[in-house]
Amino acid sequence: MVVIIVGRELAVTGLRSIASAQGFLLQASDLGKTKMVLQVCAGAVLIVGARHPYLKPLALLLLWLVGMRALVSAAREGHLEVVELLLKSGATVDVGASENWNAGITPLMVAASNGRLSVVKRLLTARACLEAKDIGYEDGGETPIHYAARGGNADVIKALAQAGAKINAKAKGGMTPL
């Protein structure tokens, strides 16, 4: 596992160098960096855990966090096949809801914000919560339809409204999606 992670990191670094030489900038997102750190930590704990079984719960927790980040990342980027695979593998559709580490942001909110209509529809068929509210860094209380409205994604707003999202839902500061 460590060889795969290190090999991946070398490949990404090499590709970034080539792109940079051609005048392109390929930035890593904070979500991707967090996922990578979690993967490395999970791999290290799994390896050490082979000799120290009491570390198995920590390894499982880290792997769970990697899976959570994977669903949020796939939803954000619109990777429907990855979302499908993760859901079939048991990923929690509303992962992140009411969790401080993620400001309560769910995969549905991320997909709605980025206009990923096919992912939004798949998450809805998996029974994602339409009324999940983020805990925000300032006001909070926004639902997936707020995220779609802020992103200007009319098709996503329509899909969420048809699924039963409240178009007049108020966030803590009184803001509505309209």
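Rules behind the numbers
Residues numbered from 1 in each chain as written. Predicted model: local features only at pLDDT ≥ 70, side-chain atom pairs only at ≥ 80, totals over all residues. Heavy atoms only, no water. Axes fitted to C-alpha atoms, helices over the stretch in contact; angles between N-to-C directions. Helix = DSSP H or I, 4+ residues; strand = E, 2+ residues; numbered from the N terminus. Parallel < 35°, antiparallel > 145°, perpendicular 65-115°, else oblique. Left-handed = near helix turned anticlockwise from the far one by under 90°. Contact = heavy atoms within 4.5 Å. Salt bridge = Lys/Arg side-chain N within 4 Å of Asp/Glu carboxyl O. Buried < 20%, exposed > 50% of the residue type's maximum accessible area, 1.4 Å probe, protein only. Lys, Arg positive; Asp, Glu negative; His and termini not counted. Polar contact = N/O pair within 3.5 Å; in protein donor to acceptor, adjacent residues only side chain to side chain. Arc of directions from axis to C-beta. Phe/Tyr/Trp six-rings, centres within 6.5 Å; stacked < 30°, edge-to-face > 60°. Lys NZ or Arg CZ within 6 Å of the ring centre and 35° of its normal. Core = buried A, V, L, I, M, F, W, Y, C linked by side-chain atoms within 4.5 Å.

Some details on the packing of helix α6 (residues 117-125) against helix α8 (residues 154-162)
Right, so step 1: Close contact between α6 and α8 brings their axes to 10 Å; oriented N to C, the two are set at 15°. Put simply, α6 runs roughly parallel to α8. Judged by the twist between their axes, the crossing of α6 over α8 is right-handed. Contacts between α6 and α8 involve Leu117, Val120 and Leu124 on the former and, on the latter, Asp155, Val156, Ala159 and Leu160.

Focus: the pattern of salt bridges
Right, so step 1: Evaluation of the coordinates by the stated rule reveals four salt bridges.
Right, so step 2: As a salt-bridge pair, Glu84 and Arg122 come within 2.5 Å of each other at their nearest N and O atoms. Here Glu84, found in helix α4 (residues 80-88), pairs with Arg122, found in helix α6; they are 38 residues apart in sequence, far enough to count as distant.
Right, so step 3: Residue Arg150 is joined to Glu142 by a salt bridge in which the shortest nitrogen-to-oxygen separation is 2.0 Å.

Some words on the side chain of Asp134
Right, so step 1: Within the element layout of this structure, Asp134 appears in the loop between α6 and α7 (144-150).
Right, so step 2: The buried charged residue Asp134 lacks any salt bridge partner; its closest oppositely charged side chain belongs to Arg150, at an N-O distance of 5.1 Å.
Right, so step 3: A distance of 2.8 Å separates a polar side-chain atom of Asp134 from the backbone nitrogen of Gly141.

Structural notes on α6
Right, so step 1: Those residues of α6 lying buried are Val119, Val120, Arg122, Leu123 and Leu124.
Right, so step 2: Phi for Arg127, located one or two positions after α6, is positive at around 70°.

Structural notes on α4
Right, so step 1: Looking only at α4, the buried set comprises Val83, Leu86 and Leu87. Down the axis, α4 shows its buried residues gathered within 100° of arc, on one side only. Every exposed residue of α4 that faces more than 90 degrees away from the buried side is listed here: Glu81, Leu85 and Lys88.
Right, so step 2: The first or second residue beyond α4 is Gly90, which carries a positive phi of 105°.

Considerations on the packing of aromatic side chains
Right, so step 1: Applying the stated criterion across every chain, the model contains zero aromatic pairs.
Right, so step 2: The lysine or arginine in question, Arg150, covers the ring of Tyr147, its NZ or CZ lying 4.7 Å from the ring centre.

Re the nonpolar core
Right, so step 1: Val83, Leu108, Ala112, Val120, Leu123 and Leu160 are the most contacted members of the largest nonpolar core, which totals 25 residues.
Right, so step 2: Looking at this core, the elements that each hand over two or more residues are α3 (56-77), α4, α5 (107-113), α6, α7 and α8.
Right, so step 3: What Leu108 contacts, discounting residues up to four positions off in sequence, is Val120, Leu123, Leu124, Ala128, Cys129, Leu130, Pro144 and Leu160.

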